[in-house]
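# Results of the structural survey
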Amino acid sequence: MPARKVGTALQKANEENKKTSRTVTKPIISVTEKSSPDKILQSSWLFLTTFQFFSIFQNYFELPTLDIEELEQALIQPDTSALLETVIVRILAPLLSRRSVNRENYEKRLQDLFPDVAPFHTLSVVDKIKLLKRIEEANLETEDFLSWKNEVNVDELRLSPLGKDNEGWSYWYFGGNRLYRETPIPSGKKGMQTLKNNQFTFELVCSSLEEWEKIMNRFQPSKKIAPRELSEKIIEIAEKIIGRIKAKEIAKVKQEAKLKRAKELELIPKKRSRRLEVKFEEEAKRQKIEEIANQQAILEEIERRKQEQEIKKLKEEEKQKLKTEDARLRIQVSDYVKKKLSEASEEEERVELKQLKNQLHKDASEIDKITKMKGWLRLLREEILVDLVDQKDGHILFDGDDKGNL
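These figures come from a predicted structure and were not determined experimentally. (Residues numbered from 1 in each chain as written. Predicted model: local features only at pLDDT ≥ 70, side-chain atom pairs only at ≥ 80, totals over all residues. Heavy atoms only, no water.)

### Observations concerning the overall build of the chain
Counting its secondary structure elements, the chain contains 16 helices and seven strands. With 406 residues in all, the chain has 32% of them scored as buried. For the chain, the accessible area works out to roughly 27700 Å², and carbon and sulfur atoms hold 52% of it. (Helix = DSSP H or I, 4+ residues; strand = E, 2+ residues; numbered from the N terminus. Buried < 20%, exposed > 50% of the residue type's maximum accessible area, 1.4 Å probe, protein only. Areas by Shrake-Rupley, 256 points an atom, 1.4 Å probe, with all protein chains shown as cover.)

Laid out in structure tokens, this is it:
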């Protein structure tokens, strides 16, 4: 961890807090081992990292495509589901040198490998998580896995946080429809000790359409709750997921309507079925057209938002360039005035130059403004007589030998 000037940083932070009158909330996770099973699974770094490990190496373990919500439900159920049994069998197999392990004998195989652990179906959710982590760690030590891993570019598969917001939360996207955030974890040994003492460091931020729409609105760059880079990443992910969820909902409605029509046809007398069948076909075509139009509208909305973000980004970049150029010019002018001040021999000239260095107060009189202007003109070696004519919209209009709007 880089060295920090604690006193200076703390003083600066306090000054900023006084200016903005904002109270920064310290990120806290209130989940414990006594919390509900779903909260435990959603907050446990042990479970999330174990899930990611087996997802990344699912080909090695010959696992089916894992869905985190399905696995959570399987772990919560009192009885071990077929899905969970399959997962356990596949992740145990490499530890048993591919000896016979199946859904009938996996409990015995678990006892052989981990004699201190009770039968899996009797464990609490917390203990199930810990056992899955032990199975992961055991696989990491096998020669077969190490040899297989060396042929894979693990760095390309390793995930990193999207970034941190202004409160210190780190945001993670592991795929699917879920966005998580994590409390600040110190680096080095202190961080390892923190994780060892507390496995509940994550929080599920959003997974539904409504939650994604709220988070996308919350992370608009104008809200300034996080660095621009993090906001743009979250908005980009949100737009894709919102489009995907809406497309699925449209497909679901279409399928339900199709099943409904099929059932209605079965109940219609044969002699009337053809006429109504034509009617239903026409309705199906109409719904198909509406579906295509809705999907197109979704895609256009995503593209529109993307273009808006790009335009905003370009404007911000241009604004930043102007600020940088303005600062550069101010520094050059200040340096020039300092140079002239050091060269001045007469006291009157030195007084005028010192006045040029000071910013003009917003409530300055007309005489002060004219004096300031004359000083700048004299600095440029121009003998010009000027008078203040008018002041509009932050601009001062002078009338003299060379008229101009400054």
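### Quick word on the side chain of Glu72
Within the secondary structure layout, Glu72 lies in helix 5 (residues 68–76). Only 2.7 Å separates the side chain of Glu72 from the side chain of Arg178, close enough to count as a polar contact. (Polar contact = N/O pair within 3.5 Å; in protein donor to acceptor, adjacent residues only side chain to side chain.)

### A few points about the packing of aromatic side chains
Any aromatic ring pair is given by two values, namely how distant the centres are and how the planes are angled relative to each other. In total, this model carries 18 aromatic pairs according to the counting rule given. Pairing Phe61 with Phe145 gives two aromatic rings, centres 6.3 Å apart and planes at 25°, and the pair type is stacked. Taken as a pair, Phe61 in helix 4 (residues 58–61) and Phe145 in helix 9 (residues 143–149) lie far apart in primary sequence, 84 residues in all. Here Phe61 and Phe145 have matching classes, each one buried. A centroid spacing of 6.3 Å and a plane angle of 85° characterise the contact between Tyr180 and Phe202, whose relative ring orientation is edge-to-face. Separated by 22 residues along the polypeptide, Tyr180 in strand 3 (residues 179–182) and Phe202 in strand 4 (residues 202–206) bring together distant segments of the chain. Residue Tyr180 is classed as buried on the basis of its relative accessible area, which comes to 1%. Aromatic ring contacts, followed pair by pair, group Phe53, Phe54, Phe57, Tyr60, Phe61, Phe145 and Trp148 into a single cluster. (Phe/Tyr/Trp six-rings, centres within 6.5 Å; stacked < 30°, edge-to-face > 60°.)

### Let's talk about the sheet that holds strand 4
Here four strands make up an open sheet; going across it, the order is 1-2-3-4 and the pairing antiparallel. Each end of this open sheet is capped by a strand with a single partner; those strands are strand 1 (163–164) and strand 4. In terms of strand pairing, strand 1 meets strand 2 (residues 170–172) through two bridges, oriented antiparallel. Bridged to Gly163 within strand 2 is Tyr171. (Pairing = 2+ DSSP bridges.)

### Observations concerning the nonpolar core
Counting residues in each nonpolar core, the largest one holds 66 residues, and the members touching the most others are Leu110, Ile135 and Trp212. Ranked by residues supplied to this core, first place goes to helix 13 (residues 228–267) with eight residues. Those residues in contact with Leu110, other than ones at most four positions away along the chain, are Ile88, Leu92, Pro115, Phe120, Leu131 and Ile135. (Core = buried A, V, L, I, M, F, W, Y, C linked by side-chain atoms within 4.5 Å. Contact = heavy atoms within 4.5 Å.)

### Brief notes about empty space enclosed by the protein
Summed over all chains, the structure comprises one cavity of 30 Å³ or more. Taken as a whole, the largest cavity encloses approximately 80 Å³ of empty space. Around the largest cavity, the lining residues are Phe47, Thr50, Phe51, Phe54, Leu66, Leu71, Leu84, Val87, Ile91 and Leu132. Those elements that place two or more of their residues in the lining of the largest cavity are helix 3 (45–56) and helix 6 (82–92). (1 Å grid on protein atoms, 1.4 Å probe; cavity = no way out; pocket = protein on both sides within 12 Å on 5 of 7 lines; lining within 4 Å. Points joined across faces, edges and corners; volume = space filled by probe spheres on them.)

### Considering the pattern of salt bridges
Applying the stated criterion across every chain yields a total of 14 salt bridges. For Asp112, the salt bridge identified is with Lys108, shortest N-O distance 3.6 Å. Remark: Lys108 and Asp112 occur in helix 7 (residues 106–113); sequence separation between them is four residues, near one turn of the helix. When its relative accessible area of 42% is taken as the criterion, Asp112 is described as partly exposed. With a relative accessible area of 52%, Lys108 lands in the exposed category. (Salt bridge = Lys/Arg side-chain N within 4 Å of Asp/Glu carboxyl O.)

### Some words on helix 3
The terminal C-alpha atoms of helix 3, which comprises 12 residues, lie 16 Å apart, in line with the 16 Å expected from a rise of 1.5 Å per residue. Buried residues dominate helix 3, accounting for nine of its 12 residues. Considered for burial, the residues of helix 3 that qualify are Trp45, Leu46, Phe47, Leu48, Thr50, Phe51, Gln52, Phe53 and Phe54. Capping the start of helix 3, Ser44 holds a side-chain oxygen 3.2 Å from the backbone nitrogen of Leu46, two or three residues further along. (Expected span 1.5 Å × (residues − 1).)

### Focus: the layout of surface pockets
Estimates place the volume of the second largest pocket at around 700 Å³. Elements represented by at least two residues in the lining of the second largest pocket include exactly helix 3, helix 8 (125–140) and strand 2. Along the lines of polarity and charge, the residues of the lining of the second largest pocket split into 15 nonpolar, four polar and six charged. (Nonpolar A, V, L, I, M, F, W, Y, C, P; charged D, E, K, R; others polar.)

### Here we look at unusual backbone geometry
Look at Glu62: it is not a glycine, yet its phi comes out positive at around 55°. With respect to the helices and strands, the residue Glu62 is situated in the loop between helix 4 and helix 5. Glu62 gets classed as exposed once you look at its relative accessible area, which sits at 52%. Phi is positive for Lys224, which is not a glycine, with a value near 55°. Turning to its location among the elements, Lys224 is positioned in the loop between helix 12 (209–218) and helix 13.

### Looking at the environment of Glu85
Inspection of the secondary structure assignment puts Glu85 in helix 6. The exposure class of Glu85 is buried, given its relative accessible area of 14%. With 19 residues separating them along the chain, Glu85 and Glu104 place their C-alpha atoms 9.1 Å apart. Apart from the residues lying within four places of it in its own chain, the contact partners of Glu85 are Thr80, Arg103 and Tyr106.

### Some points on the pairing of strand 3
Residues Leu179 and Arg181 of strand 3 are buried on one face, and the alternating residues Tyr180 and Glu182, pointing to the opposite face, are buried as well. In this structure, strand 2 lies alongside strand 3, joined through three bridges in antiparallel fashion. From the neighbouring strand, Ser170 faces strand 3, where its bridge partner is Glu182. Where strand 2 hands over to strand 3, the hairpin turn is made up of six residues, of which Gly175 adopts a positive phi near 105°. By the bridge criterion, four bridges tie strand 3 to strand 4 in an arrangement that is antiparallel. When the bridges of strand 4 are listed, Glu182 appears paired with Phe202.

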